[in-house]
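The chain contents come next:
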Amino acid sequence: DPVTLYETTLERNPACWMAHHNLATILTQSDRAAEAIPHLETAIKLNPRRAQAYNNLGDSLTRLGRAAEAIPHLEKALQLQPAYAVAHSNLGNSLVHLGKAREALPPLMEAIRLDPLGPQISAIQCAMGLARMFLADSQAAAEWYSRARASNPRLPRAHAGLAMMELLNECRWP
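Before going into details, it helps to say that this report is about the structure given with it. For clarity, every value in this text was computed on a predicted model and none was experimentally measured.

## Overview of the overall build of the protein chain
Piece 1. Per the secondary structure count, the protein chain includes 10 helices and zero strands.
Piece 2. The principal-axis extents of the C-alpha atoms in the protein chain amount to approximately 70 × 35 × 30 Å.
Piece 3. A burial count over the protein chain gives 45% of its 174 residues as buried.
Piece 4. At a minimum sequence separation of 6, the contacts of the protein chain that also span at least 24 residues come to 42%.
Piece 5. When the accessible area of the protein chain is evaluated, it comes to approximately 9,600 Å², of which 54% is carbon and sulfur surface.

## Here we look at the packing of aromatic side chains
Piece 1. Per the stated rule, a full pass over the model turns up zero aromatic pairs.
Piece 2. One residue, Arg147, lies across the ring of Trp144, its end atom 4.2 Å from the ring centre.

## With respect to the packing of helix H5 (residues 67-80) against helix H6 (residues 85-97)
Piece 1. Two elements in contact, H5 and H6, have axes separated by 9 Å at closest approach and are oriented at 160°. As summarised for this structure, H5 and H6 are arranged roughly antiparallel, according to the angle between their axes. Here H5 runs over H6; the crossing is left-handed. Here H5 contributes Ala67, Ala70, Ile71, Leu74, Ala77 and Leu78 to the contact with H6, which in turn contributes Ala87, His88, Asn90, Leu91, Ser94, Leu95 and His97.
Piece 2. Here the contact of H5 with H6 is composed, by residue class, of nine nonpolar, four polar and no charged.

## Details of unusual backbone geometry
Piece 1. One non-glycine residue, Asp31, lies in the positive phi region at around 60°.
Piece 2. By the secondary structure assignment, Asp31 is in the loop between helix H2 (17-29) and helix H3 (33-46).
Piece 3. With phi around 60°, Ala136 is a residue other than glycine that occupies positive phi space.
Piece 4. The residue Ala136 is located in the loop between helix H8 (121-134) and helix H9 (138-151) in this model.
Piece 5. Since its relative accessible area comes to 67%, Ala136 is described here as exposed.

## Quick notes on helix H10 (residues 156-170)
Piece 1. Taking 1.5 Å per residue, 15 residues should reach 21 Å; H10 reaches 21 Å between its end C-alpha atoms and fits that length.
Piece 2. Among the residues of H10, those classed as buried are Ala158, Gly161, Leu162 and Met165. Within H10, the buried residues cover an arc of 95° as seen down the axis, which keeps them to one side. Opposite the buried face of H10, at more than 90 degrees from it, the exposed residues are Pro156, Leu167 and Glu170.
Piece 3. Each element contacted by the buried residues of H10 is listed here: H8 and H9.

## What about H6?
Piece 1. Between its first and last C-alpha atoms H6 spans 18 Å; for 13 residues at 1.5 Å apiece the expected length is 18 Å, and the two agree.
Piece 2. Within H6, 10 of the 13 residues are buried, which leaves it mostly tucked inside the rest of the structure.
Piece 3. Where H6 is concerned, the buried positions are Ala85, Ala87, His88, Ser89, Asn90, Leu91, Gly92, Ser94, Leu95 and Val96.
Piece 4. Residues of H6 that are buried sit in contact with helix H4 (51-63), H5, helix H7 (101-114) and H8.
Piece 5. One or two steps after H6, the chain reaches Gly99, where phi turns positive at roughly 80°.

Here is what the cut-offs are and how they apply
Residues numbered from 1 in each chain as written. Predicted model: local features only at pLDDT ≥ 70, side-chain atom pairs only at ≥ 80, totals over all residues. Heavy atoms only, no water. Helix = DSSP H or I, 4+ residues; strand = E, 2+ residues; numbered from the N terminus. Buried < 20%, exposed > 50% of the residue type's maximum accessible area, 1.4 Å probe, protein only. Contact = heavy atoms within 4.5 Å. Areas by Shrake-Rupley, 256 points an atom, 1.4 Å probe, with all protein chains shown as cover. Phe/Tyr/Trp six-rings, centres within 6.5 Å; stacked < 30°, edge-to-face > 60°. Lys NZ or Arg CZ within 6 Å of the ring centre and 35° of its normal. Axes fitted to C-alpha atoms, helices over the stretch in contact; angles between N-to-C directions. Parallel < 35°, antiparallel > 145°, perpendicular 65-115°, else oblique. Left-handed = near helix turned anticlockwise from the far one by under 90°. Nonpolar A, V, L, I, M, F, W, Y, C, P; charged D, E, K, R; others polar. Expected span 1.5 Å × (residues − 1). Arc of directions from axis to C-beta.

Structure (structure tokens):
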């Protein structure tokens, strides 16, 4: 089990930034973001030039509803690695979570520009749809959700976003 492997490594070598980072990644992917945060903070202290650690800390904080705390970490990741598409995407997602949909559009568009065929493209397209929905641009929101569905027909968020847009359009007053 990878968690046990990294925990054992850290018992023997607590200054191993990579073990902290890798353990945090596994914990976050297992919906244990709160447990990942101390490991990411330690990884950053041990290796402050690693953009991925700042990005992953920002992502973990956003997952826990702490998007405002995530922003400086995501900005630091982008300072260290300006062409880091995932960090642009996570910054956009954090801004959407904060209700700053207009501010979220540039980093989301930059993530798409940097990695238009990447594995996260459908999630980024959904984030664009959500941002456009918050900006009351239902046509653009529906287009982004349609793109997300085309990119990944099995992504529930894309289908849910399109369903929300249809419902909103049906419920409009004449």
